[in-house]
Every structure is written in C-alpha cells, then in structure tokens.
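Reading the structure
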Amino acid sequence: FWQPKPDVVAYTQLLIRTAAMIRELDPGATLLLGGINPHDTNFLSGVAHYGGWNSFDILAIHPYVDPKSPEQGNLAAVMATVRLMTHRYGAKPIWVTEVGWASGVSDRDAVGYGNPQSQADYLVRAMLLFWHVGVEKIFWYTLKDDPGNAYGLVAEGRGRSDFRRHLLKPAFFALRSLNQQIAGATAINRYE
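Residues numbered from 1 in each chain as written. Predicted model: local features only at pLDDT ≥ 70, side-chain atom pairs only at ≥ 80, totals over all residues. Heavy atoms only, no water.

Brief notes about the environment of G152
- By secondary structure assignment, the location of G152 is in the loop between strand 3 (137-140) and helix 5 (170-182).
- By relative accessible area, G152 is classed as buried at 0%.
- Along the primary structure G152 and G100 are separated by 52 residues, whereas in three dimensions their C-alpha atoms are 8.3 Å apart.
- Setting aside residues up to four positions removed in sequence, G152 forms contacts with Q119, W140, T142, L143, K144, D145 and K169. (Helix = DSSP H or I, 4+ residues; strand = E, 2+ residues; numbered from the N terminus. Buried < 20%, exposed > 50% of the residue type's maximum accessible area, 1.4 Å probe, protein only. Contact = heavy atoms within 4.5 Å.)

Here you go:
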C-alpha cells in the first residue's frame, strides 16, 4: 500500500532505520518484515540489494492468488521461489501472515467466483502446502466477513459481533478439523 507506488529504496531505508530503533529499545525483539506479496520477488531482492535483509528476523509474506485455486495460482512455485531467496540472501523463517480466499464477491473477485465450499477446500489445500514446504506460521486473513468482502470464516450476519452458529462457514469447520487432525504431527519438509 506504499503510495503512489511501491518504492523498494524508500521502504528498505525505513526498514533499516526502524529495525535499528526497535533493537536499541528491545534487543530481544523478533522483527517481521512487512507482509510482502511473493509474486514480486524483485521487491524482496531489492530489500536485500539495498542492505535490508539483516534488518528483520522473519520473512512475512501474503501469498494471495485468489480467486484462483492454490494449484491454479501455483502456490508451490511461489513458495519455492521465496525459499530460494532465503538460501541466497540468508536463512529466515517464513511466515504466511495473511492469506485467504473469498466465499463470494470480494475486492479481488468482483464477479464472485468463490463460494463457501471452494473457500474451505482452498484453505485446507493451501495450509497443507504451506506446512509441507516449511512455513512456520500461517494466518488466515480474517475471522469475520466485512460488508462486500467475504473472506471471513464467519459470515457477516448482523455485524461484527454476530457469531451465531449458523453464520459459521465451511472454512471455519475445515480449519478446525485440519488443526485437530494434524495436532502434534511433524511435517516432513522437502526443502531442508
């Protein structure tokens, strides 16, 4: 959301200055890079080129491919490219700090190709793919739908505080079930 357009030099300068300030105030702080969309790996390369790679501890990304499926959006290749960057510039844990698919009309899908079942299916497939490639933490974009933006695990209903059971979408139950099924399991990382 850097305006008027992304500026890797200015961003990296801000990153370096901010990280130095945070580390001065709290040397033990864990710093995450602002969630970068991995489709622009040139931006990440620019952060490294301009000296910012050591100013964060965790590489945070927002790998949106919606309304495409995880497979159509080629999330596996996206994650492989991001992983290669950590080998090239320096090892960093990778966190997906925002990802999601809408269950209807959204800011990324004006037509409304998504539906509640595809949202649930994509959530499970993407989470397993991320887990398999060694992503340490994964965060779904939002718990509750916003008006006209159906990314939540819970439908909008009567507003932000309405969590009645009938508003829980299939994605809510899919995420809960997935977490129950893999609790305590260890992923075999194919990239290590």
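Observations concerning the pattern of salt bridges
- Summed over all chains, the structure comprises 6 salt bridges.
- Across the pair R108 and D66 runs a salt bridge whose closest N-O atoms are separated by 3.4 Å. Placement of R108 in the loop between strand 2 (94-99) and helix 4 (116-132) and of D66 in the loop between strand 1 (59-61) and helix 3 (75-89) is noted, with a sequence separation of 42 residues between them.
- For R108, a relative accessible area of 38% corresponds to the partly exposed category.
- For D66, a relative accessible area of 7% corresponds to the buried category. (Salt bridge = Lys/Arg side-chain N within 4 Å of Asp/Glu carboxyl O.)

Don't take any of this as a statement about function, it's just geometry.
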